[in-house]
Amino acid sequence: MTTSDGEKFAYPKNLNKLHKKLRLAGKSLSRKTKGSNNYQKARLKVARIHAKIKDSRLDYTHKRAYSINRPKIKLLWLRK
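Since we're looking at a predicted model, the values are computed, not measured.

**Student:** Describe in detail the overall build of the protein, supporting the description with residues and values.
**Tutor:** In terms of helices and strands, the protein carries two helices and zero strands. Relative to its 80 residues, the protein shows a buried fraction of 18%. In the protein, of all internal contacts separated by at least 6 residues, the share reaching a separation of at least 24 is 61%. When the accessible area of the protein is evaluated, it comes to approximately 7,000 Å², of which 56% is carbon and sulfur surface.

What follows is the structure in structure tokens.
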């Protein structure tokens, strides 16, 4: 991730682990018979991993935005 002034941030490292889990869970899901109970369990597992990835990305962007704007917020308080 790069800001408009050229400052670079690294992506969170736990995404690689989650993507690997997602790949393995997707493979497992593809081997199940559609409609079976095991298929439903595997489908929910894949959905949970997708949700974790989404939450992790959202958390990361919020933390980065806060860290970028935090010094600006302090300056505004000092000016008043």
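Additional details are given in the paragraphs that follow.
**Student:** Run through the pattern of salt bridges, naming residues and quoting values.
**Tutor:** According to the stated counting rule, one finds two salt bridges in the structure shown. One salt bridge connects Lys54 with Asp55, and the closest N-O pair in it is separated by 3.8 Å. According to the relative accessible area criterion, Lys54 is exposed, its value standing at 54%. As a salt-bridge pair, Lys63 and Asp59 come within 3.2 Å of each other at their nearest N and O atoms.

**Student:** Quick rundown of the environment of Arg57? Include the residues and the values.
**Tutor:** Of note, Arg57 is situated in helix α2 (residues 37–79). Taking C-alpha positions, Arg57 is 8.8 Å from Tyr11, a pair spaced 46 residues apart along the chain. When near neighbours in sequence (up to four residues on either side) are disregarded, Arg57 contacts Leu15 and His19.

**Student:** Please give an account of a positive patch on the surface that cites residues and values.
**Tutor:** On the surface, a cluster of positive charge is made up of Lys17, Lys20, Lys21, Arg23, Lys27, Arg31, Lys32, Lys41, Lys45, Arg48 and Lys52. Those elements that place two or more of their residues in the positive patch are α1 (14–30) and α2. Sorting elements by how many residues they give to the positive patch places α1 first, with five residues. Note on placement: Lys17 falls in helix α1.

**Student:** Can you explain the side chain of Ser56? Please cite residues and give values.
**Tutor:** Looking at the secondary structure, you find Ser56 in helix α2. Look past the residues within four positions of Ser56 in its chain and what remains in contact with it is Asn14, Leu15 and Leu18.

**Student:** Account for α1, with residues named and values stated.
**Tutor:** Look at α1: 24 Å from first C-alpha to last across 17 residues, which is about the 24 Å you get at 1.5 Å a residue. Those residues of α1 that sit buried are Leu15, Leu18, Leu22, Ala25 and Leu29. Down the axis, α1 shows its buried residues gathered within 90 degrees of arc, on one side only. Exposed and facing more than 90 degrees away from the buried side of α1 are Asn16 and Lys17.

Reading the values: rules and limits
Residues numbered from 1 in each chain as written. Predicted model: local features only at pLDDT ≥ 70, side-chain atom pairs only at ≥ 80, totals over all residues. Heavy atoms only, no water. Helix = DSSP H or I, 4+ residues; strand = E, 2+ residues; numbered from the N terminus. Buried < 20%, exposed > 50% of the residue type's maximum accessible area, 1.4 Å probe, protein only. Contact = heavy atoms within 4.5 Å. Areas by Shrake-Rupley, 256 points an atom, 1.4 Å probe, with all protein chains shown as cover. Salt bridge = Lys/Arg side-chain N within 4 Å of Asp/Glu carboxyl O. Patch = residues over 30% accessible without salt bridge, like charges linked within 9 Å, V, L, I, M, F, W, Y side chains within 5 Å. Lys, Arg positive; Asp, Glu negative; His and termini not counted. Charge placed at Lys NZ, Arg CZ, Asp CG, Glu CD. Expected span 1.5 Å × (residues − 1). Arc of directions from axis to C-beta.

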